[in-house]
Amino acid sequence: MVSGGCVGAEVEVDPEAAAAAAGVERDEAVAPAPARELVVGYALTSKKAKSFLQPKLRGLARKKGILFVAIDHKRPLSDQGPFDIVLHKLTGKGWQQLLEEYREAHPEVTVLDPPGAIAHLLDRQSMLQEVSELDLTDRYGKVRVPKQLFVNTDPLSIPAAVTRAGLSLPLVAKPLVAKSHELSLAYDPTSLTQLEPPLVLQEFVNHGGVMFKVYIVGDAIRVVRRFSLPNVDEGDLSNNAGVFRFPRVSCAAASADDADLDPCVAELPPRPLLEILARELRRRLGLRLFNIDMIREHGTRDRFYVIDMNYFPGYGKMPGYEHVFTDFLLSLSQKEYKRRPSYSSGEW
Ligand SMILES: O=P(O)(O)O[C@@H]1[C@@H](OP(=O)(O)O)[C@H](OP(=O)(O)O)[C@H](O)[C@H](OP(=O)(O)O)[C@H]1OP(=O)(O)O
Ligand SMILES: Nc1ncnc2c1ncn2[C@@H]1O[C@H](COP(=O)(O)OP(=O)(O)O)[C@@H](O)[C@H]1O
Ligand SMILES: [Mg+2]
Ligand SMILES: [Mg+2]
């Protein structure tokens, strides 16, 4: 039975990430502050601006010669600025139009990230396409995508479509649009007819109730563990009928002792595997700001699944994000952008 557990509660952050947050031992070269202020225009919802532009980020940025300036997303950008970088996470045709006009007039300005690249992650079918095609297997492990099926037909025909596609229950039903977080779990064929397409149906993979949020900021990678859904066993399948909505609880960071977690479940994915995955996805997607939701198949050590990807996620919850982000912005201003990947983990 899937409980309404706190999906998303952060349970652990790597000690080294904390050290990195303190700026104690960081192994990447910190780009020197620019001669003049680096002006970063931002176009974000008020919720996003509040969660991302925390005082600790603004303060450190100021010290490093970086100035965040709000963009009026209803006026031409050329009448505002000048900007060195435009940072955005807004939808809407009006904004896209203004941004494209600005990019044509100002190719020298870095846009984080280009709308065409962001588009890959806006729906739950295309978002995992590159991971699926990459089919990463190396000596550190294997990274795949669960079997999934896009359905946009009469709900009564979903059970037959699932059978034809060879998907096994239980299935996670996810709205096609990534911004919608109304997810549910279907245990039996009949419950599939209660679903509301368009949806992506994804095989549920047992993963011991812990997932990994892999945050990417340029070359930098940070991994945190979050509580996730518990395993589903045969009993659940036979004792449950119907569709179970599970709450999207994006809990604030909560520290918890690793000892509470089975080490086989809680061990972070191998660093070299994440570095290859991140490098490949940056290249294939043309994105610098995204995260990867990853789970380890229960009972295995090195078989992983990517179940979700997000553009410009909640970096404010990532310990030390203010250091990672300001170094990244400075590296862009140097235009060399030759940092060694910075990685912090308590276990690598
Ligand atoms: O705000 P937060 O901190 O919950 O961040 C959300 C992300 O949570 P996470 O960083 O992964 O823990 C969240 O990630 P999940 O989809 O929950 O895995 C999304 O990226 C969400 O953006 P959107 O609503 O899908 O456009 C993010 O919301 P926005 O604030 O970017 O709208
Ligand atoms: N295929 C899956 N197998 C197991 N658990 C899953 C699967 N897909 C999603 N989940 C669980 O549901 C949560 C939310 O799913 P996700 O695809 O990340 O949607 P959202 O974009 O709302 O975060 C995940 O963090 C994980 O706990
Ligand atoms: Mg997710
Ligand atoms: Mg998501």
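Residues numbered from 1 in each chain as written. Chains lettered and ligands numbered in written order. Predicted model: local features only at pLDDT ≥ 70, side-chain atom pairs only at ≥ 80, totals over all residues. Heavy atoms only, no water.

- Under an unreviewed UniProt entry, the name given to the chain is Inositol-tetrakisphosphate 1-kinase, and the source organism is Panicum virgatum.
- Entered under Function (unreviewed entry) in the UniProt record, the comment concerning the chain runs "Kinase that can phosphorylate various inositol polyphosphate such as Ins(3,4,5,6)P4 or Ins(1,3,4)P3." (UniProt positions renumbered as here; feature names shortened; annotations may be inferred.)

1. Considering the pattern of salt bridges
Phase 1 of the analysis: Taken as a whole and judged by the stated rule, the model has 17 salt bridges.
Phase 2 of the analysis: In this structure, E267 engages R301 in a salt bridge whose closest nitrogen and oxygen atoms are separated by 2.8 Å. In this pair, E267 sits in the loop between α10 (263-266) and α11 (271-285) while R301 sits in the loop between β15 (289-296) and β16 (303-311), placing the two residues 34 residues apart along the sequence.
Phase 3 of the analysis: Owing to a relative accessible area of 25%, E267 belongs among the partly exposed residues under this scheme. (Salt bridge = Lys/Arg side-chain N within 4 Å of Asp/Glu carboxyl O. Helix = DSSP H or I, 4+ residues; strand = E, 2+ residues; numbered from the N terminus. Buried < 20%, exposed > 50% of the residue type's maximum accessible area, 1.4 Å probe, protein only.)

2. Brief notes about the site of ligand 2
Phase 1 of the analysis: As a structural note, the neighbourhood of ligand 2 is formed by 20 residues, with K174, H181, Q202, S228 and D308 the closest of them.
Phase 2 of the analysis: Here a nitrogen atom of ligand 2 sits 3.0 Å away from a polar atom, N or O, in the main chain of V205.
Phase 3 of the analysis: Residue D293 places a side-chain N or O atom 3.0 Å away from an oxygen atom belonging to ligand 2.
Phase 4 of the analysis: Computed on the free molecule, ligand 2 has an accessible area of 540 Å², of which 95% lies beneath the protein chains in the complex.
Phase 5 of the analysis: A breakdown of the residues in the shell around ligand 2 according to their chemical character gives eleven nonpolar, four polar and five charged. (Near = heavy atom within 4 Å. Polar contact = N/O pair within 3.5 Å; in protein donor to acceptor, adjacent residues only side chain to side chain. Areas by Shrake-Rupley, 256 points an atom, 1.4 Å probe, with all protein chains shown as cover. Nonpolar A, V, L, I, M, F, W, Y, C, P; charged D, E, K, R; others polar.)

3. Let's talk about the coordination of the magnesium ion (ligand 4)
Phase 1 of the analysis: Protein coordination at the magnesium ion (ligand 4): the donors are D308 (OD) and N310 (OD1), at 2.1 to 2.2 Å from the metal.
Phase 2 of the analysis: Between the magnesium ion (ligand 4) and the magnesium ion (ligand 3), both coordinated by D308, there is a metal-metal distance of 3.6 Å.
Phase 3 of the analysis: Among the residues examined, D308 registers a relative accessible area of 11% and is labelled buried. (Donors = N, O, S within 2.8 Å, 3.2 Å for Na, K, Ca; no water.)

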